[in-house]
Amino acid sequence: MPRLNSPKKLEELRKTILSKRNKNKLGISISSGTCGRAYGSDKIAAEFRREIKKRGLKEKIDFREVGCLGFCEREPLVIIFPERICYLNVKMEDVPEIVDTAVKGEIVDRLLYTDPVSGEKILHDENIPFYKYQKKIVFGNINSIDPKNIEDYIALGGYSALAKALFEMTPDDVLDEVKKAKLRGRGGGGFPTSVKWESTKNAPGEPKYVIVNCDEGDPGAYMNRGLMEGNPHSVLEGLIIGAYAIGASEGFFYIRQEYPLAVENTKLAIKQAEEYGFLGKRILGSSFNFKVKIHEGAGAFVSGESSALMNAIEGKVGEPRPKYVHTSESGVWGKPSTLNNVETWANIPLIINKGAEWFTSIGTEGSKGTKIFSLVGKVNNTGLVEVPLGMSLRDIIYKIGGGIRKGKKFKAVQTGGPSGGIIPAEHLDSPVDFDELKKLGSIMGSGGMIVMDEDSCMVDIARYFVNFLCDESCGKCVPCREGLKQASIILDNIVAGKGKADDIKKLVDIAEVTSIASLCALGKTSANPVLTTLRYFEDEYEAHINEKRCPALVCKDLISYYIDPEKCQGCMICHRNCPVDAIIGEKMKIHVIDQSKCIKCGTCYDVCPPNFSAVKKISGEPVPPPIPEEERLIRRPRKEKRD
Amino acid sequence: MYEDRIDQIIDKHGAEKGVLIQLLLDIQHEFNWIPKEAIKRISERLKIPYSQIFRVATFYTALSLKPIGRHLIQVCLGTACHVRGGAKVLDTVEDALKIKAGNTTPDTKFTLSGVNCLGCCAQGPMMVIDDDYYGGVTPTAVKKILEKYK
């Protein structure tokens, strides 16, 4: 492929690609991101290829392995084009039937989505409630893009924004457009993107750098992985446009090594973009030069902080530095560097192509555009969802997420990762945008949204985050290193039933110091999980401390498992599954848990058939004594023989 | 025995600025750990103080100064996995292998590690063995999964 040396050549290429493609041609796409692969999508994809080849249909069917389609709960997903029929939970053995019916124009009924309320089968993905209420612009075309094939991206208008920026706009025009779009950083803080760009642009020093932050370390969030795996070119195009606006000649993708597929797809995307003339010298025949490299993160949450990340790029320990001089002025090797999140960059081509006016028509006053969230935890439809900013938490969790699993009660949603907080049911109607979430004590963060039900213990969650941060603190500044350690000890004690009366006050004191005196955002925001759980669920802390009781029945040291003799049917299922043989029982005899052996793994609770529900969790009260041996025999009334 | 391979890896990266972490990651992938010889060799060839390389190698969790077992088991403890019982899965694996997270079985077959989010949050609890991803893992399923690698 000769390098494209003008926008005209790019347009010609697009036309050539499209002329070879028939819109009405049969296509099969399978979602094959990391989450799809966890359910064997790569093997199923291989099976599709074999099947298509075996039947001699290679010319007739466009088969694609695409990125994550978002509905991760129901992976692997298969979409049949052109009708866009959506199949869920596809298995190996379904492959021949899918190919067969696709060719005949028939449908495999059992693989369609069934509406849980009406029982109605839904044919097209856009009508499934999970998708229906979303607004996919950044994730828009992901179901028709093979991330390993740049031509798929070009066919859908890819790199036309770059051509427009380079040939119809000055760098200042580009910056202006982003400013008018009021784009705010998608990585956490929601800082105005154009301000960062401007500051790097105006800072003295050459070369200038632009960086993609894909060190998505927030536990419970994987939007960036989805994008980098599924549509790396959109991020790359945004980066090149940004570099042009800022006057940067070099760029970096910082991707955590825990995302091997994202690294692989990005590497390939860069290589293809170089071949086609979107990277390197004289991009698309213009006078703009830009090159980009990948830097794999070696596993450190704190390295996602901008100054720490830049240290890591330099090959040093990824710890932050005080930021009285911003990284936008003095970043990588002391040069002006702009760092933006994956999703921020992916928004740029859209803004350039469709204009700031279009972009600002989506969202709320202070937060424009859409945001991708990872909707996970105890919600029915887990996955990646893209919604216009301003949608209420209730709509996201109930309309898109399909409500809480197993009919349980919603308790809280955690947003913003370890720097964020817990939002309880009373604020479910709050619109989700940068400023509203802040008012509630949480933050938007990069987009993790972990839904919790009545079975989640808020003290345990606070402890979880504090322990996480304690592990990940780089140790450079005392308030964060020591404060988190002490908070962690206190919380460990509380969940172990060793809480003391003044523990809550101590936690608040520590929170105050770490949030004022820490060096970077990791320490400064580390108090949020503790403070928000205290703000909304202080009674749970008190129950743990004063009554040695865990109201949500989670904290291992405060609960016991017990088999209700009235309900036990002597079915032996728990007996067989207990990993430590702590259940005494025989067939048709009421089972009893030997409390001295029980490790409280909860297996018996999970496996006890729901219609018996004999295994119970109890907390704050003594376990009733086991019923005497001679009373354990279960006598069922004999079924009367019919005469 | 390592030296030639270490030299090859160093040569591949050349003397580019800031290459240290990428170099160490490659060595980690190649040998499954960072041998002492590697740190010494990098120090000599790239003129980076031994102590500085040691510091980097101990800072990042993906780099290990101890050899890891033939199979690396990673149990995800990210928030989404946590609320769905990731810790229970880890407990069960610990019981099954009779080692605590962060350790290797005496026969060097398995290294067990609890990790802070593998980015497969919709399918928690998640467990990854080598390159195989397992979603929705329950304590009862653990035994069956481990069998495959024994």
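All values reported here derive from a predicted model rather than from experimental measurement.

Draft legend 1. Main features of the overall build of chain A. When helices and strands are counted, chain A shows 24 helices and 19 strands. A globule of 643 residues ought to have a C-alpha radius of gyration of about 26 Å, and chain A, at 28 Å, matches this closely. The principal-axis extent of the C-alpha atoms belonging to chain A is close to 90 × 70 × 40 Å. Counting only residues that meet the buried cut, chain A has 54% of its 643 residues in that class. Across chain A, the fraction of contacts at a sequence separation of at least 24, relative to all contacts at a separation of at least 6, is 72%.

Draft legend 2. Focus on the overall build of chain B. Summing up its helical and strand segments, chain B has seven helices and four strands in all. Secondary structure elements of chain B, listed N to C terminal, follow the sequence α-α-α-α-β-α-α-β-β-β-α. For chain B, the spread of C-alpha atoms along the three principal axes comes to 50 × 30 × 25 Å. By the burial criterion, 43% of the 150 residues in chain B qualify as buried. Within chain B, contacts between residues separated by at least 24 positions form 59% of all contacts whose residues are at least 6 apart in sequence.

Draft legend 3. Seen up close, the environment of Met126(B). Residue and element names in this part refer to chain B. With respect to the secondary-structure elements, Met 126 resides in the loop between β2 (110-115) and β3 (127-129). Overall, Met 126 belongs to the buried group, with 30 C-beta atoms counted inside 10 Å. Along the primary structure Met 126 and Gly 136 are separated by 10 residues, whereas in three dimensions their C-alpha atoms are 6.2 Å apart. Beyond its immediate stretch of four places on either side in the chain, Met 126 contacts Cys 76, Cys 81, Leu 118, Cys 120, Tyr 133, Tyr 134, Gly 135 and Val 137.

Draft legend 4. Layout of the nonpolar core. Grouped together as the largest cluster of nonpolar side chains are 227 residues, with contacts concentrated most on Leu162(A), Ile240(A), Ile241(A) and Ile396(A). When residues no more than four places from it in sequence are discounted, the contact partners of Ile396(A) are Phe373(A), Leu375(A), Val385(A), Val387(A), Met391(A), Gly401(A) and Val432(A).

Draft legend 5. Representation of the sheet that holds strand β13 (residues 410-415) of chain A. Residues and elements named next belong to chain A. Spatially, five strands are ordered β12-β11-β15-β13-β14 in an open sheet, and the strand pairing comes out mixed. The sheet is open, and its two edges are formed by β12 (383-388) and β14 (421-424), each paired on a single side. The average angle at which neighbouring strand axes cross in this sheet is 30 degrees, direction not considered. Note that strand β11 (residues 370-377) and strand β15 (residues 448-453) share four bridges and pair parallel. The residue of β15 that forms the bridge with Gly 377 is Val 451.

Draft legend 6. Here's a closer look at the domain arrangement of chain B. The domains assigned to chain B are domain 1 (3-59) and domain 2 (71-147). Summarising the inter-unit geometry, the C-alpha centres of domain 1 of chain B and domain 2 of chain B are found 29 Å apart.

Draft legend 7. Summary view of helix α16 (residues 393-400) of chain A. Residue and element names in this part refer to chain A. Residues Leu 393, Ile 396, Ile 397 and Ile 400 constitute the buried set of α16. Projected down its long axis, α16 shows its buried positions confined to an angular sector of 115 degrees, all on one face. Packing partners of the buried residues in α16 comprise α5 (129-132), β11, β12, β13, β14 and β15. Directly beyond the C-terminal end of α16, a positive phi value near 70 degrees is found at Gly 402.

Draft legend 8. Quick look at the packing of helix α8 (residues 171-180) of chain A against helix α14 (residues 342-354) of chain A. All names here are of chain A. Axis separation between α8 and α14 bottoms out at 10 Å; the angle between their running directions is 100 degrees. Taken as axis vectors, α8 and α14 run roughly perpendicular relative to one another. Residues Val 174, Glu 177 and Val 178 of α8 form the contact with α14, whose participating residues are Ile 348, Ile 351 and Ile 352. For the contact of α8 with α14, the class distribution of residues is five nonpolar, no polar and one charged.

Draft legend 9. Structural view of the sheet that holds strand β4 (residues 132-134) of chain B. Residue and element names in this part refer to chain B. Read from one edge to the other, the open sheet built from four strands follows the order β2-β1-β3-β4, with strand pairing classed as mixed. Of all the strands in the sheet, the pair left with one neighbour each is β2 and β4. Between one strand axis and the next, the sheet turns through 20 degrees on average, direction left out of account. In this structure, strand β1 (residues 71-76) lies alongside β2, joined through six bridges in parallel fashion. Looking across to β2, one finds that Gln 74 is bridged to Ser 113.

Draft legend 10. Region of interest: the environment of Ile150(A). All names here are of chain A. By the secondary structure assignment, Ile 150 is in helix α6 (residues 150-155). For Ile 150, a count of 24 C-beta atoms within 10 Å translates into the label buried. Spatially, the C-alpha atom of Ile 150 lies 9.9 Å from that of Lys 271, the residues being 121 residues apart in sequence. Look past the residues within four positions of Ile 150 in its chain and what remains in contact with it is His 233, Gln 272, Ala 273 and Tyr 276.

Draft legend 11. Highlighting unusual backbone geometry. Residue and element names in this part refer to chain A. In this model, Phe 81 is joined to Pro 82 through a cis peptide bond whose omega is 0 degrees. Within the element layout of this structure, Pro 82 appears in the loop between β3 (78-81) and β4 (85-87). Non-glycine residue Arg 84 carries a positive phi angle of around 65 degrees. Among the structural elements, Arg 84 can be located in the loop between β3 and β4. In this structure Arg 84 comes out as partly exposed when scored by C-beta crowding, with 16 C-beta atoms within 10 Å. Located in the positive-phi region is Met 572, a residue other than glycine, with phi close to 75 degrees.

Draft legend 12. Fine view of the environment of Arg3(A). Residues and elements named next belong to chain A. Structurally, the position occupied by Arg 3 is in the segment before α1 (7-20). The exposure class assigned to Arg 3 is partly exposed, which follows from the 17 C-beta atoms found within 10 Å. Sequence separation between Arg 3 and Glu 275 is 272 residues, and the spatial gap between their C-alpha atoms is 5.9 Å. Excluding residues within four positions of it along the chain, Arg 3 makes contact with Tyr 276 and Gly 277.

Draft legend 13. Focus on helix α3 (residues 36-46) of chain B. Residues and elements named next belong to chain B. Within the sequence span of α3, burial applies to Ala 38, Ile 39 and Ile 42. The buried residues of α3 occupy an angular sector of 100 degrees when the element is viewed end-on, so they sit on one face. Facing away from the buried side of α3, by more than 90 degrees, are the exposed residues Lys 36 and Glu 44. Looking at the buried side of α3, the elements it contacts are α1 (3-13), α2 (20-31) and α4 (50-59). Residue Lys 47 follows α3 closely and has a positive phi angle near 55 degrees.

Draft legend 14. Region of the structure containing the domain arrangement of chain A. Residues and elements named next belong to chain A. Here chain A is described as being made up of domain 1 (20-128), domain 2 (158-360), domain 3 (370-453), domain 4 (458-546) and domain 5 (559-631). Centre-to-centre, using C-alpha coordinates, domain 1 lies 33 Å away from domain 2. Each side of the interface is counted separately: domain 1 has five residues, and domain 2 has six residues. A breakdown of the residues in the side of domain 1 that touches domain 2 according to their chemical character gives two nonpolar, three polar and no charged.

Draft legend 15. How the structure looks around the packing of helix α20 (residues 503-517) of chain A against helix α22 (residues 528-546) of chain A. Residue and element names in this part refer to chain A. For the pair α20 and α22, interaxial distance at closest approach is 11 Å and the crossing angle is 160 degrees. With respect to their mutual orientation, α20 and α22 come out roughly antiparallel. As for the relative orientation of α20 and α22, their crossing is right-handed in sense. Between α20 and α22, the contacting residues are Asp 503, Ile 504, Leu 507 and Ala 511 on the first element and Val 530, Leu 531, Leu 534, Tyr 541 and Ile 545 on the second.

Draft legend 16. View of the pairing of β1(B). Here β1(B) runs beside β3(B); their pairing, made up of three bridges, is antiparallel. When the sheet's bridge partners are listed, Gln74(B) is paired in β3(B) with Val128(B).

Draft legend 17. Representation of the confidence of the model for chain B within the structure. The pLDDT averaged across chain B works out to 91; a share of 99% of its residues lies at or above 70. Reported confidence for the predicted complex is 0.92 by ipTM and 0.93 by pTM.

What counts, and where the lines are drawn
As a convention, each chain's residues are numbered from 1 in the sequence order in which they are written. To read the labels, note that chains go from A and ligands from 1, taken in the order they are written. Predicted model: local features are reported for residues with pLDDT of at least 70 only, side-chain atom pairs are reported and counted for 80 or more only, and whole-chain, interface and lining totals are derived from all residues. A helix here means a DSSP run of H or I that spans at least four residues, while a strand means a run of E at least two residues long, and both kinds are numbered starting from the N terminus. Throughout, radius of gyration means the C-alpha value; the globule benchmark is 2.2 Å times the number of residues raised to the power 0.38. Counts of 20 or more other C-beta atoms within 10 Å of a residue's own C-beta define buried residues, counts of 12 or fewer define exposed ones, and intermediate counts define partly exposed ones; C-beta atoms are placed from the backbone. Residue pairs are scored as contacts if the distance between their C-beta atoms, which are placed from the backbone, is within 7 Å. Core membership is restricted to buried Ala, Val, Leu, Ile, Met, Phe, Trp, Tyr and Cys residues, and these are joined into a nonpolar core through C-beta atoms within 7 Å. A pair of strands is labelled paired if DSSP reports no fewer than 2 bridges between them. All axes here are fitted lines through C-alpha atoms, helices being fitted over the stretch that makes contact, and every angle between N-to-C directions spans 0 to 180 degrees. Domain delimitation in this document rests on an assignment produced automatically or drawn from a domain database. Each C-beta atom gives one direction from the helix axis, and the arc is the one those directions make. By definition in this entry, angles of less than 35 degrees are roughly parallel, angles greater than 145 are roughly antiparallel, angles of 65 to 115 are roughly perpendicular, and the rest are oblique. Residue polarity follows a fixed list, in which Ala, Val, Leu, Ile, Met, Phe, Trp, Tyr, Cys and Pro are nonpolar, Asp, Glu, Lys and Arg are charged, and the others, Gly among them, are polar. Handedness of a crossing follows from how the near helix is turned relative to the far one, being left-handed for an anticlockwise turn of less than a right angle and right-handed for a clockwise one. pLDDT: the predictor's confidence for each residue, scored from 0 to 100.

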